[in-house]
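# A look at the structure
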Amino acid sequence: EGLQAAAAMARTLPKPNGEDFELAERHAAAGRAAWRVSDLKFSQECFEKGREAYPRHLGCWLGFAQLFFETNKDESSRRNYSEKVIKDINPNCSQAYYWTSMALAFRWKGTEARTAIDKSISLHKENVTARSARAFYFILNDQYDNARIDLERALAVNPSAIEALGVKALSAKSLGDEAGY
């Protein structure tokens, strides 16, 4: 209900008039709320309005990267959003490298994906999502000790991180450790 109310409220946001970071923030939040209630078209509109309000707003750019990746438009996600953030807005944006890595992995470009996820973590050591993704990579490559290190670090930051707990369960299952999941 709360997310639906937030998405509905966003429809009343004013039109951008020059650079307005606060308005971009509100549009980014509305875009995330719309995404969570599966209103993908409105989510996209919100992120676009947010970029109109403040063209370098990372939340809107990364919202697009996630939206396009998770709707199977991974190449668009990478080329038009996450890599554009890295090239034109913030070369040190950990989440942009994360979404680049996800898009590359989806295309079976493992070496490039691994480089991008490592860069994401090097820029933000506490990036739970990136650490969970790299732990998953390690499990797929039978590197369970490395996976354990990333999972311990991720869960130290957020003990209830669903992505880390899911990968931890996968690791335990792979190792036949029923107590671990």
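### Some thoughts on the pattern of salt bridges
Here the structure, examined in full by the defined rule, presents 13 salt bridges. The partner of Asp88 in a salt bridge is Lys87, and the shortest N-O contact between them spans 3.7 Å. Residue Lys87 is classed as exposed on the basis of its relative accessible area of 69%. One salt-bridge network, in which partners are shared between bridges, spans Arg114, Asp118, Arg131, Arg134 and Asp150.

### Focus on the packing of aromatic side chains
Each aromatic ring pair is described using two quantities: the centre-to-centre distance and the angle formed by the ring planes. Under the criterion given, the structure shown has 10 aromatic pairs. Look at Phe64 and Phe68: their rings are 5.9 Å apart centre to centre, the planes differ by 55°, and that puts the pair in the tilted class. Pair noted here: Phe64 and Phe68 are both in helix H4 (residues 58–70), with a separation of four residues, about one helical turn. Here Phe64 falls in the buried class, since its relative accessible area comes to 1%. Measuring from centroid to centroid gives 4.8 Å for Phe64 and Tyr81, while their planes differ by 20°, and the two rings are stacked. Of this pair, Phe64 sits in helix H4 while Tyr81 sits in helix H5 (residues 74–89), and the two are 17 residues apart along the sequence.

### Some details on the environment of Gly166
Tracing the chain through its elements places Gly166 in helix H10 (residues 162–174). A relative accessible area of 40% places Gly166 in the partly exposed class.

Calculation rules
Residues numbered from 1 in each chain as written. Predicted model: local features only at pLDDT ≥ 70, side-chain atom pairs only at ≥ 80, totals over all residues. Heavy atoms only, no water. Salt bridge = Lys/Arg side-chain N within 4 Å of Asp/Glu carboxyl O. Buried < 20%, exposed > 50% of the residue type's maximum accessible area, 1.4 Å probe, protein only. Phe/Tyr/Trp six-rings, centres within 6.5 Å; stacked < 30°, edge-to-face > 60°. Helix = DSSP H or I, 4+ residues; strand = E, 2+ residues; numbered from the N terminus.

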